[in-house]
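Listed below are the residues making up each chain.
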Amino acid sequence: MLTFDEATHTYFWNGEKVPGVSEFLAKSGLKPAGGYYAPGAAERGTEAHELTELYDHGLLDLDGPAVLEASAVVSGHLSAWIKFRADTGFVPHQIELRVCSIDLWLAGTIDRVGEIDGKRVKIDLKTGAKADWHRYQLAAYNLLTGNRDPRYCVYTKADGTYKVQPWSDDTDHLAILRAVDRLRGQA
């Protein structure tokens, strides 16, 4: 059974630690180790994710305290997500979906699985800048779920706008599988 420790952001399968996708990508070299994040970026991302999750579950009162207490920056990211949904017709079916593959010995949390124009898609919400490793993150999620859904990052901005980055290179999946094999060989 898959469990997740929020405090340490650690996944466990039947009590045994399983690497998360971000950890795996850093170890494999597909994601730059460390990296620079502006002060407050992690907190902003977490708060924006929490608000968009509540919104997608239909539990967010847009005039309620959670939104009113959010910073203008975070409120902008929420507005951008709401605009993205309205513009694309995206309907979320699974929100913050935790998945694990015993074969790959890898786990992760997919921000959204849903539909655009009747087609199943995977979406990762980002409150920061576009990075090439995001493609591999979503490819890993496809492998964890056993399907190859179209993959998108939605980059929300503090000013209420957004950009969508589709990732469609199928070799991204192969890069993940090669990295899994390479890291297994080092264990």
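This text goes with the structure placed above it.
This one's a predicted model, so the numbers in the text were calculated from it and none came from an experiment.

Q: Explanation requested: the overall build of the protein in the structure shown.
A: From N to C terminus, the protein includes six helices and eight strands. Traced from its N-terminal end to its C-terminal end, the protein shows the element sequence β-β-β-α-α-α-α-β-β-β-α-β-β-α. Over its C-alpha trace the protein gives a radius of gyration of 17 Å, about what one expects of a compact globule, namely 16 Å for 187 residues. For the protein, the spread of C-alpha atoms along the three principal axes comes to 55 × 35 × 30 Å. Counting all 187 residues of the protein, 43% fall into the buried class. If you take every contact in the protein between residues at least 6 apart in sequence, the share linking residues at least 24 apart comes to 59%.

Q: What is the right way to look at the pattern of salt bridges in this model?
A: Side chains carrying opposite charge are able to pair once their charged atoms draw close together. Enumeration over the complete set of coordinates arrives at 14 salt bridges. For Glu-23, the salt bridge is made with Lys-17, and the minimal N-O distance between the two is 3.0 Å. A residue is classified by how much of its surface remains accessible, and Lys-17, at 40% relative accessible area, is partly exposed. Residues joined by salt bridges that share partners form a network here, namely Asp-56, Arg-85, Glu-96 and Arg-112.

Q: Quick question: what am I supposed to make of the packing of helix H1 (residues 21-28) against helix H6 (residues 171-186) here?
A: When two helices pack together, their arrangement is given by the angle between their axes and by how far apart the axes lie. Taken N-terminus to C-terminus, the directions of H1 and H6 make an angle of 75°; their axes are 10 Å apart at the nearest point. Taken together, the axis directions place H1 and H6 in an arrangement best described as roughly perpendicular. For the pair H1 and H6, the contacting residues are Phe-24, Leu-25, Lys-27 and Ser-28 in the first and Ile-176, Ala-179, Val-180, Arg-182 and Leu-183 in the second. Across the contact of H1 with H6, the residue classes break down as six nonpolar, one polar and two charged.

Q: Could you clarify how one ought to interpret empty space enclosed by the protein in this entry?
A: Sizing a probe to match a water molecule and rolling it over the atoms shows the empty space that remains. Enumeration according to the criterion identifies one cavity of 30 Å³ or more in this entry. Here the largest cavity defines a volume of roughly 40 Å³. Lining the largest cavity are Ala-48, His-49, Thr-52, His-77, Leu-125, Thr-127 and Thr-156. The leading source of residues in the lining of the largest cavity is helix H2 (residues 41-56), at three residues.

Q: Sorry, what's going on with H1 here?
A: Helical geometry: 3.6 residues make up each α-helical turn, so side chains three or four residues apart lie on a common side. Listing the buried residues of H1 in full gives Val-21, Phe-24, Leu-25 and Ser-28. Along the axis of H1, the buried residues cluster in a sector spanning 100°; they form a single face. Its buried side turned inward, H1 meets strand S5 (106-116), helix H5 (134-145) and H6.

How each quantity is defined
- Residues numbered from 1 in each chain as written.
- Predicted model: local features only at pLDDT ≥ 70, side-chain atom pairs only at ≥ 80, totals over all residues.
- Heavy atoms only, no water.
- Helix = DSSP H or I, 4+ residues; strand = E, 2+ residues; numbered from the N terminus.
- Rg over C-alpha atoms; globule rule 2.2 N^0.38 Å.
- Buried < 20%, exposed > 50% of the residue type's maximum accessible area, 1.4 Å probe, protein only.
- Contact = heavy atoms within 4.5 Å.
- Salt bridge = Lys/Arg side-chain N within 4 Å of Asp/Glu carboxyl O.
- Axes fitted to C-alpha atoms, helices over the stretch in contact; angles between N-to-C directions.
- Parallel < 35°, antiparallel > 145°, perpendicular 65-115°, else oblique.
- Nonpolar A, V, L, I, M, F, W, Y, C, P; charged D, E, K, R; others polar.
- 1 Å grid on protein atoms, 1.4 Å probe; cavity = no way out; pocket = protein on both sides within 12 Å on 5 of 7 lines; lining within 4 Å.
- Points joined across faces, edges and corners; volume = space filled by probe spheres on them.
- Arc of directions from axis to C-beta.

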